[in-house]
Each structure stands twice: as structure tokens, then as C-alpha cells.
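# Notes for the structure review
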Amino acid sequence: MSSQAGVIVAMDWGGSWARTSVVNHAGELMWTTRVPTPQGTGSENMLRVGEEALLQAISWCQSTPILGIGIAVAGPIDVESGIFYTPPNLLELNGISLIEAWQDRLIYPIHIGNDATLAALAEYHLGAGLCQRKVGRDVKTLLYLTISTGVGGGVIDRGNILLGAHGMAAEIGHIKIDTSSSADLCNCGGRGCLEALVSGTAIARKTVNALSNRSETTILKDIDITRLSSQDVFTAYSAGDSLSERIINEVISDLARGISDLIHSFNPDLVVLGGGVTVGLSTTNLLGNLKSQISDSLMSERHKDFEIMYAQLGDSSGMIGASLMVQSSLQDI
Ligand SMILES: [Zn+2]
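Computed from a predicted model, the values in this text were never measured in an experiment. (Residues numbered from 1 in each chain as written. Predicted model: local features only at pLDDT ≥ 70, side-chain atom pairs only at ≥ 80, totals over all residues. Heavy atoms only, no water.)

A few words on the coordination of the zinc ion. Of the protein atoms, only H174 (ND1), C186 (SG), C188 (SG) and C193 (SG) coordinate the zinc ion, at distances of 2.0 to 2.4 Å. Around the zinc ion, the four donor atoms are arranged such that angles at the metal cover 104 to 123 degrees; this shape is classified as tetrahedral. We note that the donor set of the zinc ion lies within a single chain, spaced as H-x11-C-x1-C-x4-C. As far as burial versus exposure is concerned, C186 and C193 are alike and both buried. (Donors = N, O, S within 2.8 Å, 3.2 Å for Na, K, Ca; no water. Tetrahedral: all angles 85-135°; square planar, octahedral: opposite > 155°, others 65-115°. Buried < 20%, exposed > 50% of the residue type's maximum accessible area, 1.4 Å probe, protein only.)

Here you go:
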């Protein structure tokens, strides 16, 4: 990407934390900090806290030239206007434009994108995509899924984000998997979305429901259900717990169905999985099982010609992707 001297101030603003960093041209984080997202304190205070974190990063740079500010946010956002559209995890910012709120005071050009889309961009250039290129495998199209509290993702085609008309393409958590009228409710207000079936929240909810409805023996019986997490279910799965096996098998099957729909739509040659639930898949060695279920439902040998691997950049991927977005905007000039 850009070889221009200077650094980028990047932020990843999610429901729990606003993480801010200074990133160099190689995507390395030179300085980083995080503050809790002050949920419930009103939009004005939310904006003030975010702005202070960015000013702190700008001040750290001293005389080093700043090429721009890149912000990755949780939720649907119009990338041109910077306006949020009912972001489930930052609801107080609904209808607000971060560009309008901050541009005058922060001076440097501000670029905004969806956090999962920007994580996909980072994985393409500097994470999983780079790993593939290092072993001589070209990556043209990358499909990224992050599966944690919710499900998000992005598609990168030949190095560029697939944006859509308003920058909101690839809301892959909300593709419909279960179309029955009794399908699980989703945060978006719909039913049967991928997010409602395979997210960490969904796995915990399915398990709590099963525990209250069934009398079968399970090692999860004694667990405090108010604190039950998807990781507890994966741990019980590893121990051979039959209830957890049933739930995780259902999750793998729904996830495979979702990914095969996405492969038919985008024809990726690399599928990358990130997020907390992915850690569970890794510790239980379920990636091979998932890949074979996906392949079984694909229509052609060419669609089946893809690799699947875990994300490589961890929690930093949103900020690294935000910095790459700023660099790519400079190349467009
Ligand atoms: Zn949904």
C-alpha cells in the first residue's frame, strides 16, 4: 500500500470499548489505548469520550505527520456521510455522523467503515491473506466472518472492499438460515438470521433453553446459567457432554449452511473466521468438520476450491483495517 511517510490514527469503536492506536505504514501498532464505551450516558458524552481518545493519539504523534484518521465502528454506517443507522451496540449514536461531529475539531481527514469489513481488509493484506501468499497461494477473493456476541463480516475482492451502494454490503449475520415462523429472534428484529443461530449469544441461549426444558444428564447442569458462555459449551463438548454435542453440531450445521450460501454468492478462494466463537471451534478441532459440511453443499468443483483458516490479527484487525482504508484513500487522490 502507500509508501507515504507518516502515521495513521485509528480507532475501533465497539459496544464495550473504544480502542485507539497510532499505526505506521506497515500496519504495525506503535501506540495503543482503550477506554470503556460510556453506554447509557447520552450521545454527547459518547462523542466527547471518543474525541478525547483520538486527541490523545494525535498528541502522542508530536511532530510525526498524520496522514488521516481511520475509524472502525460496530454497526451499519454510511461510509460517505459517516451516519450510523440503528447500530445495535452503539444505539445512542443512531442518526449521528461522526465525520460531522469531529471533522472541524480534529483537522485531519476522517474515514469511517464497518469494523468487520475493515477487519476483512486487514486480514486480506496483512493477516490470513498474507499467510497464504507466503506459501505461494494467490488470494483473489476473501470472505471474512467474525462470530462473537454477534456475527459480522466482509468481502474483499482483489484487494478492494465490496462496499455496496451505501457501504453496508456483507451484513452476513443477517442472511436467513431458518425460515420457519418459530425461528429464533435476531437483534435486527428478524428471525432465523445466521447471527440468531451461531453467535456466542445464540449458543448460550440455546443451552440455557435446553437446560430448563430437559431432564437429560449434562455436566452443564450445575453451572450458573446467568454466566454461561459459549466457551463453557465448547468445553463441555470436548468432555463428551451429549447436550453440548447436540447444540454445537447444530451450530456447525447452520454455520456451514450460511457459509455455503456466501460462497455461492461471492466465490471466495479464502474464508477467514475470527471472533470468540472461533476460539471454541479451534479448541474442539471442528474446522475440518465445518469445511467438509460446506463443501458437501456447494454446486461445483470450482466453488469447492477454497481454503478456510482462522483470523491472524486478533483484536487489532479493525484498527489495522482502518489504517489501510486511510492509506488507500491517499492513493486515490
Ligand atoms: Zn438479523
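Turning our attention to the domain arrangement of the chain. What the domain assignment reports for the chain is domain 1 (7–121 + 315–332) and domain 2 (137–312). Placing the centre of domain 1 and that of domain 2 at their C-alpha centroids yields a distance of 27 Å. Contacts between the two partners involve 13 residues from domain 1, matched on the other side by 14 residues from domain 2. Carbon and sulfur atoms supply 69% of the area buried between domain 1 and domain 2, which totals about 1100 Å² over both sides. The interface formed by domain 1 and domain 2 contains zero salt bridges. Summed over the shared surface of domain 1 and domain 2, the result is zero residue pairs in polar contact (both at pLDDT 80 or more). Ranked by residues supplied to the side of domain 1 that touches domain 2, first place goes to helix α3 (residues 115–126) with six residues. Among the residues making up the side of domain 1 that touches domain 2, the classes are represented as nine nonpolar, three polar and one charged. (Domains from an automatic or database assignment. Contact = heavy atoms within 4.5 Å. Buried area = accessible area lost by both parts, 1.4 Å probe. Salt bridge = Lys/Arg side-chain N within 4 Å of Asp/Glu carboxyl O. Polar contact = N/O pair within 3.5 Å; in protein donor to acceptor, adjacent residues only side chain to side chain. Helix = DSSP H or I, 4+ residues; strand = E, 2+ residues; numbered from the N terminus. Nonpolar A, V, L, I, M, F, W, Y, C, P; charged D, E, K, R; others polar.)

In total, this model carries eight salt bridges according to the counting rule given. For R48, the salt bridge identified is with E52, shortest N-O distance 2.9 Å. Taken together, the positions of R48 and E52, both in helix α1 (residues 43–60) and four residues apart, correspond to about one turn of that helix. The salt bridge involving K140 is made with D138; its shortest N-O contact spans 3.8 Å. Exposure remark for K140: the relative accessible area of 39% places this residue in the partly exposed category.

For the rest of this paragraph, the subject is the sheet that holds strand β7 (residues 151–157). Within a sheet, adjacent strands bond to each other through the backbone by hydrogen bonds, running parallel or antiparallel. Ordered by their spatial adjacency, five strands build an open sheet running β8-β7-β6-β9-β10, and the pairing between neighbours is mixed. Every interior strand has two partners, whereas the edge strands, β8 (160–161) and β10 (307–310), have only one. Bridge count for strand β9 (residues 270–274) against β10 is four bridges, and the pairing is parallel. Bridged to V271 within β10 is I308. Running at roughly 45 degrees to β7, α3 makes contact with β6 (141–147), β7, β8 and β9 of the sheet. (Pairing = 2+ DSSP bridges. Axes fitted to C-alpha atoms, helices over the stretch in contact; angles between N-to-C directions.)

Time to look at helix α7 (residues 230–238). For α7, every residue scored as buried is listed here: S230, V233, F234, A236 and Y237. Buried residues of α7, viewed axially, fall in a sector of 160 degrees; they line one side. Lining the buried residues of α7 we find α6 (200–213), α8 (242–266) and α9 (276–283). Just beyond α7, the residue with positive phi is G240, at close to 85 degrees. (Arc of directions from axis to C-beta.)

If you trace the five strands from one edge of the open sheet to the other, you get β3-β2-β1-β4-β5, paired in mixed fashion. If you trace the sheet from one side to the other, it starts and ends with β3 (29–36) and β5 (110–114), each paired once. Taking each pair of neighbouring strands and ignoring which way they run, the sheet shows an average axis angle of 15 degrees. As judged from the seven bridges shared by strand β2 (residues 17–23) and β3, these two strands associate in the antiparallel manner. Each bridged residue has a counterpart across the sheet, and for T20 the counterpart in β3 is T33. Contacts between α3 and the sheet are confined to β1 (7–13), β4 (66–73) and β5, with β5 contributing the most and set at about 95 degrees to the helix.

Packing of α6 against α7 leaves a shortest axis separation of 8 Å and a crossing angle of 65 degrees. As judged from the angle between their axes, α6 and α7 are roughly perpendicular. Note on element contacts: α7 touches α6 through S230, V233 and F234, opposite G200, I203 and T207. (Parallel < 35°, antiparallel > 145°, perpendicular 65-115°, else oblique.)

Under the defined criterion, the tally for this structure stands at two aromatic pairs. Here the aromatic rings of W13 and W102 are separated by 5.9 Å at their centres, their planes lie at 15 degrees, and the arrangement is stacked. Of the two residues, W13 sits in strand β1 while W102 sits in helix α2 (residues 98–106), which places them 89 residues apart along the sequence. By the burial criterion, W13 is buried, and W102 matches it. Between W31 and W60, the aromatic rings sit 6.1 Å apart at their centres with planes inclined by 25 degrees, giving stacked as the arrangement. With W31 in strand β3 and W60 in helix α1, this pair connects stretches of sequence that are 29 residues apart. In this structure, R34 packs its charged tip against the face of W17, placed 3.5 Å from the ring centre. (Phe/Tyr/Trp six-rings, centres within 6.5 Å; stacked < 30°, edge-to-face > 60°. Lys NZ or Arg CZ within 6 Å of the ring centre and 35° of its normal.)

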